[in-house]
Amino acid sequence: MSRKIAIPQVTRIEGHLAVHAETEPVGEGQGFRVTEAHCEGEMFRGFEKILEGRDPLDAQQIIQRVCGVCPISHGIASVRAQEMAYGIRPNRNGRLLQNLLFAANYLQSHVAHLYQLSALDFVDVKALLGYSGDNALLRKLRTWMEQSVARKDLFPGAPLLPRFEVPYIEDAGINLALVAHYAEALEVRRIADEMGAIVGARLPHSTALVPGGVTQVPTMERISSYLARLKRVEAFIEDVYIPDVITVAGLFPEYFDIGRGPGNMLCYGVFEMDDAGNRLFRPGVLINGRWEAFDQAKITEDAGTAWFDVASGLHPSRGDTIAAPSKKGAYSWLKAPRYAGQVMEVGPLARVLVNYHDPSNTWVKAEVDKVLGELKLPAEKLVSVLGRHLVRALEARWVARECYRWLEELEVDGPPAQDFKLVRNGSGYGLTEAPRGALGHWLEIENYKIKRYQCVVPTTWNCSPRDDKGVPGAVEAALAGTIVADPAQPIELARIVRSFDPCLACAVH
Ligand code: NFE
Ligand code: MG
């Protein structure tokens, strides 16, 4: 008999996502296959409307509040849109300082994703209660665990339980190490946020980010403070984060075959490497396995299954945000973004695969092939739950490495931003890559005020509902076909959803 699976609140992601799946039995004792899945974004925020009528210079401040995890992405997209409207580019220091600020936010976000959000999909935290031994970490964890076992409401140990009761990692040493790294990751994330604050004046929401650069002059003291912290964060990525992902991959190799998704990949490009605008990760798309140049005119948003009373299929420069909570046939507060009418995956995997197949870019291919060779893994297996975790960790390595170069290229005590003049009327768009993928802001200015502001956000792409043709979004597609051993404990689905690192707070903006 078929079974419905409901995960009414996916925990350990940002924001409010419900997942519903229909299943059919595979065979006696062989579990249930997902025939179709729905992702429901359950909250409306309305930042696009909040910005209307305001001073454009306030946009990067207000829009960063969309998220506490990836605020700098929204800040960067916003200043890029303004830079286009004002007809400027960041000066050299401005470009490098924005990269350093953005990179710090990437590193914080990627480390958070593996440890605070995903590790408990694999680590057996409950087993820790039974482990002998006595140290400060174990004592703290036992207290958390005992509290969380005893109570159903919110409590200090809430991130650890409840959980699906399924087989987790059995090796006590690995469980203990991963939980110790969970605690260490909190410290590393604080240090990464300090790196961001050195350049951006404060984190999570930077007050120093402006069109054309930042307001913090790169003094020798700031450069050396950033560098010291970068070394600490990089050591964690190299010695802990990447090895941990490889350890988990070795214990759950079947997850290289689970959670594939639509296979189409979109990347807007990120981290400007020179004054001509070349980027570390270049823009591009993969459609049906073929690389194509990226064209921003091909982005549209369908709204047929979203709770909005707006026209469907519009380019975001013409989009609008009118909430319609009673709309018939709708099931999500996310619109359905499409590229050339196609559903797209975005995120670290998309950045890396688009660049892997880019005919003009060789560094990504060389780096990826080296790791695939070491792991004896074919490239196709990257499009999977474990592939997303692995690529995200590798990306943290590459971004940390670039930071050294950007620090060296800074002109010490030189101007940190390009000057600009406000415009009475104008428009622009800012396309960048947030840690979770392709992020775009579209801005229209009329009489020195924001007339229209539209955001199309990474998790809006990944957790998109069905479009007007009925085609499922990327995560919906990744869930379909999955075999769930026990529909009452659908850990397979949770692992797939979390591999995309969804942030519904961003997605519904
Ligand atoms: Ni709230 Fe975000 C990132 C953006 S995801 S985390 O990364 O933009 O939709
Ligand atoms: Mg939007």
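A brief report on the enclosed structure follows. Here the structure is a predicted model, which is why all the values come from computation and not from measurement.

Digging into the site of ligand 1
- Inspection of the region around ligand 1 gives Cys 67, Cys 70, His 74, Ala 434, Pro 435, Arg 436, Leu 439, Val 457, Pro 458, Thr 459, Cys 503 and Cys 506 as its neighbouring residues.
- Note that an oxygen atom of ligand 1 is positioned 3.0 Å from one of the side-chain N or O atoms of His 74.
- Note that an oxygen atom of ligand 1 is positioned 3.3 Å from one of the backbone N or O atoms of Pro 435.

Things to note about the sheet that holds strand S14 (residues 437–446)
- With respect to topology, three strands assemble into an open sheet ordered S13-S14-S15, the strand pairing being antiparallel. The open sheet has two edge strands with one neighbour each: strand S13 (426–434) and strand S15 (449–456). Each strand axis lies, on average, 15° off the axis of its neighbour in the sheet, ignoring direction.
- Sheet topology places S13 next to S14; nine bridges connect them, and they run antiparallel. Counterpart to Thr 432 in the pairing with S14 is Leu 439.

Examining the state of the cysteines
- Taken as a whole and judged by the stated rule, the model has zero disulfides.
- The thiol sulfur of Cys 267 is not disulfide-bonded, and the nearest other cysteine sulfur, from Cys 70, lies at 16 Å.

Some words on the side chain of Gln 64
- Tracing the sequence through the fold places Gln 64 in the loop between helix H2 (59–63) and helix H3 (71–86).
- Within the structure, Gln 64 has its side chain in polar contact with the backbone nitrogen of Ser 206 (distance 2.9 Å).
- Gln 64 has contacts with Pro 71, Ile 72, His 74, Gly 75, Pro 204, His 205 and Ser 206, leaving out every residue within four places of it along the chain.

Concerning the coordination of the nickel atom of ligand 1
- Looking at the nickel atom of ligand 1, the protein donor atoms are Cys 67 (SG), Cys 503 (SG) and Cys 506 (SG), and they sit 2.2 to 2.3 Å from it.
- Coordination geometry of the nickel atom of ligand 1: the four donor atoms subtend angles of 100 to 117° at the metal centre, consistent with an arrangement described as tetrahedral.
- Donor residues binding the nickel atom of ligand 1 come from one chain and are separated in sequence as C-x435-C-x2-C.
- Between the two metals, the nickel atom of ligand 1 and the iron atom of ligand 1, the spacing is 3.3 Å. One end of the pair, Cys 67, is in the loop between H2 and H3; the other, Cys 503, is in the loop between helix H13 (491–499) and helix H14 (504–508), with 436 residues separating them in the sequence.
- When its relative accessible area of 2% is taken as the criterion, Cys 67 is described as buried.

Notes on the sheet that holds strand S1 (residues 3–7)
- The strand order across the open sheet built from four strands is S1-S2-S3-S16, with neighbouring strands paired in antiparallel fashion. The sheet is open, and its two borders are formed by S1 and strand S16 (483–484), each paired with just one other strand.
- Pairing between S1 and strand S2 (residues 17–25): five bridges, direction antiparallel. By the bridge assignment for S2, Arg 3 is matched with Thr 23.

Comments concerning the pairing of strand S9 (residues 284–287)
- Side chains Gly 284 and Leu 286 of S9 all project onto a buried face; the interleaved residues Val 285 and Ile 287 project onto the opposite face, where all are buried too.
- Bridge analysis of strand S6 (residues 265–267) against S9 gives three bridges, and the strand direction is antiparallel. When the sheet's bridge partners are listed, Leu 266 is paired in S9 with Val 285.
- When S9 meets strand S10 (residues 290–292), the two strands line up antiparallel, connected through three bridges. Within S10, the position partnered with Ile 287 by the bridge is Arg 290.
- Counting the residues that bridge the hairpin from S9 to S10 gives two residues, and of these Asn 288 lies at a positive phi of roughly 50°.

What counts and what doesn't
Residues numbered from 1 in each chain as written. Chains lettered and ligands numbered in written order. Predicted model: local features only at pLDDT ≥ 70, side-chain atom pairs only at ≥ 80, totals over all residues. Heavy atoms only, no water. Near = heavy atom within 4 Å. Polar contact = N/O pair within 3.5 Å; in protein donor to acceptor, adjacent residues only side chain to side chain. Pairing = 2+ DSSP bridges. Helix = DSSP H or I, 4+ residues; strand = E, 2+ residues; numbered from the N terminus. Axes fitted to C-alpha atoms, helices over the stretch in contact; angles between N-to-C directions. Disulfide = S-S within 2.5 Å. Contact = heavy atoms within 4.5 Å. Donors = N, O, S within 2.8 Å, 3.2 Å for Na, K, Ca; no water. Tetrahedral: all angles 85-135°; square planar, octahedral: opposite > 155°, others 65-115°. Buried < 20%, exposed > 50% of the residue type's maximum accessible area, 1.4 Å probe, protein only.

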